[in-house]
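Listed here are the chains, written in short residue letters.
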Amino acid sequence: MIPIAEPSLEGRELEYVTDCIQSGWVSSLGEYVKRFEQGFAAYCGVRYGVATHNGTVALHQALAALGIGPGDEVILPTLTFVATANAVVYTGATPVFVDSEPHTWNIDPEAVTQAITPRTRAIIAVHLYGHPADMDSLRALADQHGLTLIEDAAEAHGARYRGRRVGSLSDVAIFSFFGNKIITTGEGGMVLTDDSELAERCFFLENQARHKENPYWHPEIGYNYRMTNLQAALGVAQLERIEELIAVRVRNAAYYGRRLTDIAGLNPPPRAQWAENVYWMYTVLVEDEYGMDRDTLMARLRQRGIDTRPAFYPIHTLPMYHQDQCFPVAEELGRKGLNLPSGATLTPEQVNLVCDVLAEMSQPGG
Ligand SMILES: *Cc1c(COP(=O)(O)O)cnc(C)c1O
């Protein structure tokens, strides 16, 4: 089976995790946590990093630290992983969904303008599948309306927008280090910000709102969202290899792109001229011309030992967020999008094999 994504753990991962176990520093009190926070923040060009247990709680705690709560509205794209909306709901605020742009698949600044109300507090840009959102337009909108701009960069470690790394393009950014992300800590996440007070507030909230000098004094309700030293040890080792891990995905995307030009009905992902995509997922659109719909193609690929995933269901189509409003771009991408094998261990031979099968199946009777 060619997997959709597998982590590559061939650097110093084992050595650093072993070091945690041998030294006994397995909880969140340990040197690797600080090293990972500082190293990843520096990599992204941001001052402060606060490591968390996963990407979802990173977003929850960032929103909570901003004081977003009941009565507030937060604008986000409907085409994203469900966690982006769930984190908003955890705070008691209301997620407001908007459509995506066809040429980036990301949140449409024009649609954001339409969605702003007196209750709007923040905009969350998601860099979907590794392609940065149009951050300058969103920054201008946020400034004009006094809103906080947040990046959900869970899928885009190392991607660049006009030469600048994602994570450094907003007031506060979050990342995920789940097993299939660009770099992994198993489960894990981080909040990045240049705002020292906000970083401190995130740290306070994720530590049960524990008083600095008085460890059992808690002036408000906090959370235990800390990252363990074991997770961070993996993260430090992965961060040493981040350029290599991104290069594999970018190389494979180039191979896919070349082969797909010969297969009618499979459209490659977009790439804005200002974007450096890290291709967390290489996602194609299965058009009618291909001769088979997306779900049939997925099932046929599975029979041939090729693991794929559908694009996300736009969140407004899920039962708990159901809304009758139509978001045509997101709905089309959700219906036609197919994530091809994209992991850090995928070889050019495997990419070729996947493309051979895709080409063969597109033939009449194939
Ligand atoms: C993976 C992901 C998250 C959540 O990260 P976890 O670490 O799985 O909690 C949030 N947003 C997006 C866009 C993601 O892809």
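Preceding this paragraph is the structure being described.
Bear in mind that the values here come from a model prediction, so they are computed numbers and not experimental data.

Calculation criteria
Residues numbered from 1 in each chain as written. Predicted model: local features only at pLDDT ≥ 70, side-chain atom pairs only at ≥ 80, totals over all residues. Heavy atoms only, no water. Helix = DSSP H or I, 4+ residues; strand = E, 2+ residues; numbered from the N terminus. Rg over C-alpha atoms; globule rule 2.2 N^0.38 Å. Buried < 20%, exposed > 50% of the residue type's maximum accessible area, 1.4 Å probe, protein only. Contact = heavy atoms within 4.5 Å. Areas by Shrake-Rupley, 256 points an atom, 1.4 Å probe, with all protein chains shown as cover. Near = heavy atom within 4 Å. Polar contact = N/O pair within 3.5 Å; in protein donor to acceptor, adjacent residues only side chain to side chain. Nonpolar A, V, L, I, M, F, W, Y, C, P; charged D, E, K, R; others polar. Pairing = 2+ DSSP bridges. Axes fitted to C-alpha atoms, helices over the stretch in contact; angles between N-to-C directions. Phe/Tyr/Trp six-rings, centres within 6.5 Å; stacked < 30°, edge-to-face > 60°.

## Structural notes on the overall build of the chain
Here is step 1: Broken down by element type, the chain carries 12 helices and 14 strands.
Here is step 2: The C-alpha atoms of the chain give a radius of gyration of 21 Å, which matches the 21 Å a tight globule of 366 residues would have.
Here is step 3: Considered along the principal axes of its C-alpha atoms, the chain spans approximately 70 × 55 × 35 Å.
Here is step 4: For the chain, the residues scored as buried account for 57% of the 366 residues in total.
Here is step 5: Relative to all contacts within the chain whose residues are 6 or more apart in sequence, the contacts with residues 24 or more apart total 70%.
Here is step 6: Approximately 15700 Å² of the chain is accessible, and the part contributed by carbon and sulfur atoms is 52%.

## Structural notes on the site of the ligand
Here is step 1: Around the ligand, 14 residues are found, and the nearest of them are Thr56, Asp152, Glu155, Ser176 and Lys181.
Here is step 2: Here Thr56 contributes a side-chain N or O atom positioned 2.5 Å from an oxygen atom of the ligand.
Here is step 3: Take Ser176: an N or O atom from its side chain is 2.7 Å from an oxygen atom of the ligand.
Here is step 4: Across the complex, the protein chains shield 92% of the 380 Å² of accessible surface that the ligand would expose by itself.
Here is step 5: Counting residues per element, the ones that place at least two in the shell around the ligand are α3 (55-65) and α4 (83-90).
Here is step 6: Class assignment of the residues belonging to the shell around the ligand gives a composition of four nonpolar, seven polar and three charged.

## Comments concerning the environment of Glu289
Here is step 1: By the secondary structure assignment, Glu289 is in the loop between β12 (282-286) and α10 (294-303).
Here is step 2: Expressed as a C-alpha distance, the spacing of Glu289 and Gly265, which sit 24 residues apart in the sequence, is 4.6 Å.
Here is step 3: Apart from the residues lying within four places of it in its own chain, the contact partners of Glu289 are Ala264 and Gly265.

## Describing the sheet that holds strand β14 (residues 337-340)
Here is step 1: With antiparallel pairing, four strands are arranged side by side in an open sheet as β10-β12-β14-β13. Every other strand in the sheet has two partners, leaving β10 (266-267) and β13 (309-310) as the edge strands with one partner each.
Here is step 2: With respect to the sheet, helix α11 (residues 328-336) is in contact with β12 and β14, its orientation differing from that of β14 by roughly 45°.

## Observations concerning α3
Here is step 1: Of all 11 residues in α3, 10 are buried, a share of seventy percent or more.
Here is step 2: Of all the positions in α3, only Gly55, Val57, Ala58, Leu59, His60, Gln61, Ala62, Leu63, Ala64 and Ala65 are classed as buried.
Here is step 3: You can read the cap of α3 off the contacts: a side-chain oxygen lies 3.0 Å from the backbone nitrogen of Thr56, and it is on Asn54.
Here is step 4: Gly67 lies just past α3 and shows a positive phi near 80°.

## A word on the packing of aromatic side chains
Here is step 1: Applying the stated rule across the entire model yields 14 aromatic pairs.
Here is step 2: Their ring planes at 20° and their centres at 5.5 Å tell us that Tyr129 and Phe312 sit as a pair that is stacked. Here the residue Tyr129 occupies a position in the loop between β4 (120-126) and α6 (135-145), and Phe312 occupies one in the loop between β13 and α11, the gap between them amounting to 183 residues. Of the two residues examined, Tyr129 and Phe312, each falls in the buried class.

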